[in-house]
Amino acid sequence: MIIPQNTFARVLEYYAYEAGRYCTKQARLVCRSFNTIGIRAWIQDKLGWTKPTSNSETAMTQIQLLAALAKHLAEQEQLLLQQQQQQTEILHRLKAVEVEQDRVNTPCGHKYSVVGFANLQGLEISVKEAGTKGRKASALCRKQGIEIERIHDPRF
């Protein structure tokens, strides 16, 4: 059974754009490739086919053409999977960077005053004790080069 190249092109175009939930990105990519150079020219190029110099030479069989096409589609699918994996890795790395950047740039939720930390932990602390611990913490931060944020609290 021989499938004419026009029929093959129509089947490919159907699965690329009209098959509803059966449409695939891979089919669209292959369809675009074929549309630019033509199916026959593409298959001949992929298989290294040249026009026979004499009538005694035979053309490629349909099975050879389909095997070459299947090989190419498998290669394209492998490349697509690799790209998707790289994209997933990049998104994970980007998320980690965004979390760290948020931690550094956002004072709310990441840095606390002594009173705020004590309240978060459910501890009671006097104003005098909080002031003493706050001064010690500030001195330690200055010594280690850590930026100290000012908290607007009338008690201090």
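Look above for the structure.
Rules used throughout
Residues numbered from 1 in each chain as written. Predicted model: local features only at pLDDT ≥ 70, side-chain atom pairs only at ≥ 80, totals over all residues. Heavy atoms only, no water. Helix = DSSP H or I, 4+ residues; strand = E, 2+ residues; numbered from the N terminus. Buried < 20%, exposed > 50% of the residue type's maximum accessible area, 1.4 Å probe, protein only. Contact = heavy atoms within 4.5 Å. Areas by Shrake-Rupley, 256 points an atom, 1.4 Å probe, with all protein chains shown as cover. Expected span 1.5 Å × (residues − 1). Arc of directions from axis to C-beta. Core = buried A, V, L, I, M, F, W, Y, C linked by side-chain atoms within 4.5 Å. Patch = residues over 30% accessible without salt bridge, like charges linked within 9 Å, V, L, I, M, F, W, Y side chains within 5 Å. Salt bridge = Lys/Arg side-chain N within 4 Å of Asp/Glu carboxyl O.

## As for the overall build of the chain
Thought 1: Tallying secondary structure elements over the chain gives six helices and zero strands in all.
Thought 2: Sequence-ordered secondary structure for the chain, helices as α and strands as β, is α-α-α-α-α-α.
Thought 3: Within the chain, the fraction of its 156 residues that count as buried is 15%.
Thought 4: Considering only intrachain contacts with a sequence separation of at least 6, the fraction spanning at least 24 residues in the chain is 41%.
Thought 5: Here the chain displays about 12,900 Å² of accessible surface, and carbon together with sulfur accounts for 55% of that area.

## A look at helix α6 (residues 127-144)
Thought 1: Under the 1.5 Å per step criterion, the end-to-end length of α6 is 26 Å for 18 residues, consistent within 8% with the ideal 26 Å.
Thought 2: Ala-130, Gly-131, Gly-134 and Ser-138 are the residues of α6 that are buried. Buried residues of α6 fall within an arc of 95 degrees about the axis and therefore sit on the same side. Exposed residues on α6 whose side chains face more than 90 degrees from its buried face are Lys-128, Lys-136, Lys-143 and Gln-144.

## A word on the nonpolar core
Thought 1: Of all hydrophobic cores here, the largest spans seven residues; its members are Leu-12, Ala-16, Ala-27, Val-30, Cys-31, Phe-34 and Leu-69.
Thought 2: Looking at this core, the elements that each hand over two or more residues are α1 (5-18) and α2 (25-37).

## What about a nonpolar patch on the surface?
Thought 1: On the surface, Val-11, Tyr-14, Tyr-15 and Tyr-22 cluster together to form a nonpolar patch covering roughly 420 Å² of accessible area.
Thought 2: For Val-11, the position within the fold is in helix α1.

## So, the environment of Val-115
Thought 1: With respect to the secondary-structure elements, Val-115 resides in helix α5 (residues 114-121).
Thought 2: When the C-alpha atoms of Val-115 and Lys-133 are compared, they prove to be 9.6 Å apart, with 18 residues separating the residues in sequence.

## Digging into the pattern of salt bridges
Thought 1: Evaluation of the coordinates by the stated rule reveals one salt bridge.
Thought 2: Between Glu-129 and Lys-133 there is a salt bridge, with its nearest N and O atoms 4.0 Å apart. Remark: Lys-133 and Glu-129 occur in helix α6; sequence separation between them is four residues, near one turn of the helix.

Note that every value here comes from positions in space, so none of it alone points to a role or purpose.
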